[in-house]
Amino acid sequence: MNKDQFIQSLCPTLPVSVERPISRPEKPGTRFWVTNNGLWVEISRPWMYLLQPVATRNEALTPFGAINTPILELPRLPRAVMEEFVEAAREACPNEIGCWVFWNPETREARLVRYEQKTSTDAIQYDRPASLPGESLVWDIHSHGRYDAYFSPTDNKDDFGDTKIAIVIGNMDKTEYSLTARFISREITIPLNG
């Protein structure tokens, strides 16, 4: 198998039919779809599904069909898991704190992992925790202590290349905390809140 064949086996590029809609993949992975309205990426994991344009069409039309509606399907973070993390973040304030939440799609259970970390008021150093069999990392959550919730340049660098939901909470010294969330997959970033 040459390099081109290997890349196509991992990430096929397919034309969209003019006669029938695309079918969802049978196994997790990434596919690109060439359409008459641009290039679309389809990313499937046991816990999520994305169909999103990555390049809109220019004046050169293709003879292929179209995809008209982006799709993003994600699981909801269980309230009890978020409450557990918020409590830990309030206790750690003014320092930052982080956790990862793994999801098992068969049992539909979330597992919060507070990994070994060195924290300060503006940084977290940690080693990535391992998942258990059947689990996927879904949520990467950290706090900003007394500061507002936002994605810093360090967060952007850390998130690049992963497929996950990233959440930052801030203002942990106040009654109402701030929160920002985004879905990331490869170089695609989709904000999940205002």
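The model shown is predicted, which means the values in this text are computed figures rather than measured ones.

Engineer: Which parts of the structure should I look at to understand the overall build of the protein chain?
Structural biologist: A tally of regular secondary structure across the protein chain gives three helices and 13 strands. Once the C-alpha set of the protein chain is aligned to its principal axes, its extents read approximately 60 × 40 × 30 Å. By residue count, 41% of the 194 residues in the protein chain fall in the buried class. Sequence-distant contacts, at least 24 apart, represent 52% of the contacts inside the protein chain between residues at least 6 apart. About 11,800 Å² of surface is accessible on the protein chain, with carbon and sulfur atoms providing 50% of the total. A distance of 4 Å separates the average location of the 21 positive side-chain charges in the protein chain from that of its 26 negative side-chain charges.

Engineer: So what exactly am I meant to see when it comes to the side chain of Thr35 here?
Structural biologist: Residue position: Thr35 is located in strand S2 (residues 29–35). Classification of Thr35 by relative accessible area gives buried; the value is 3%. Not counting the four nearest positions on each side in its chain, Thr35 is found in contact with Val16, Trp40, Thr62, Phe64, Gly65, Ala66 and Ile67.

Engineer: Would you explain the pairing of strand S10 (residues 136–143) in this entry?
Structural biologist: Walk down a regular strand and you will see the side chains alternate between the two sheet faces. Burial analysis of S10 places eight of its eight residues in the buried class, the great majority of the element. Both strand S6 (residues 98–104) and S10 contribute to a ladder of six bridges, which runs antiparallel. Within S10, the residue paired with Gly98 across the bridge is His142. Of the strand pairs in this sheet, S10 and strand S11 (residues 163–170) are connected by five bridges, and their pairing is parallel. Note on S11: the bridge partner recorded for Ser143 is Ile169.

Engineer: Is there a simple way to explain the nonpolar core in this structure?
Structural biologist: Soluble globular proteins tend to bury their nonpolar side chains together. Among the nonpolar cores identified, the biggest contains 31 residues, and Leu77, Phe85, Val101, Trp139, Ile141, Ile167 and Ile169 are the most heavily contacted of them. Secondary-structure elements contributing two or more residues to this core are strand S3 (38–45), strand S4 (48–56), helix H2 (79–92), S6, S10, S11, strand S12 (178–185) and strand S13 (188–191). When residues in this core are grouped by element, the largest group, six residues, is from H2. Not counting residues within four places of it along the chain, the set of residues in contact with Ile169 comprises Met82, Phe85, Val86, Ala89, His142, Ser143, His144, Ala149, Tyr177, Ser178 and Leu179.

Engineer: Looking at this structure, I do not really get the side chain of Arg182. What am I missing?
Structural biologist: Structurally, Arg182 is set in strand S12. Given a relative accessible area of 9%, Arg182 falls into the buried group. A distance of 2.7 Å separates a polar atom in the side chain of Arg182 from a polar atom in the side chain of Asp159. Residues within four places of Arg182 in sequence aside, it is in contact with Phe151, Asp155, Asn156, Asp159, Lys164, Ile165, Ala166, Thr189, Ile190, Pro191 and Leu192.

Engineer: In this structure, what is going on with the packing of aromatic side chains? I would like to understand it.
Structural biologist: Each aromatic ring pair is described using two quantities: the centre-to-centre distance and the angle formed by the ring planes. Applying the stated criterion across every chain, the model contains three aromatic pairs. Between Trp100 and Phe102 the ring centres are 6.4 Å apart and the planes differ by 55°, which places this aromatic pair in the tilted class. For the pair Trp100 and Phe102, one class covers both residues: buried. Where Trp103 meets Trp139, the ring centres are 6.1 Å apart and the plane angle is 90°; that geometry is what we call edge-to-face. With Trp103 in strand S6 and Trp139 in strand S10, this residue pair connects regions lying 36 residues apart in the sequence. When its relative accessible area of 6% is taken as the criterion, Trp103 is described as buried. Taking the ring centre of Tyr49 as reference, the NZ or CZ of Arg24 above it sits at 3.7 Å. Over the ring of Phe151 we find Arg182; its NZ or CZ atom is 3.7 Å from the centre of that ring.

Reading the values: the criteria
- Residues numbered from 1 in each chain as written.
- Predicted model: local features only at pLDDT ≥ 70, side-chain atom pairs only at ≥ 80, totals over all residues.
- Heavy atoms only, no water.
- Helix = DSSP H or I, 4+ residues; strand = E, 2+ residues; numbered from the N terminus.
- Buried < 20%, exposed > 50% of the residue type's maximum accessible area, 1.4 Å probe, protein only.
- Contact = heavy atoms within 4.5 Å.
- Areas by Shrake-Rupley, 256 points an atom, 1.4 Å probe, with all protein chains shown as cover.
- Lys, Arg positive; Asp, Glu negative; His and termini not counted.
- Charge placed at Lys NZ, Arg CZ, Asp CG, Glu CD.
- Pairing = 2+ DSSP bridges.
- Core = buried A, V, L, I, M, F, W, Y, C linked by side-chain atoms within 4.5 Å.
- Polar contact = N/O pair within 3.5 Å; in protein donor to acceptor, adjacent residues only side chain to side chain.
- Phe/Tyr/Trp six-rings, centres within 6.5 Å; stacked < 30°, edge-to-face > 60°.
- Lys NZ or Arg CZ within 6 Å of the ring centre and 35° of its normal.

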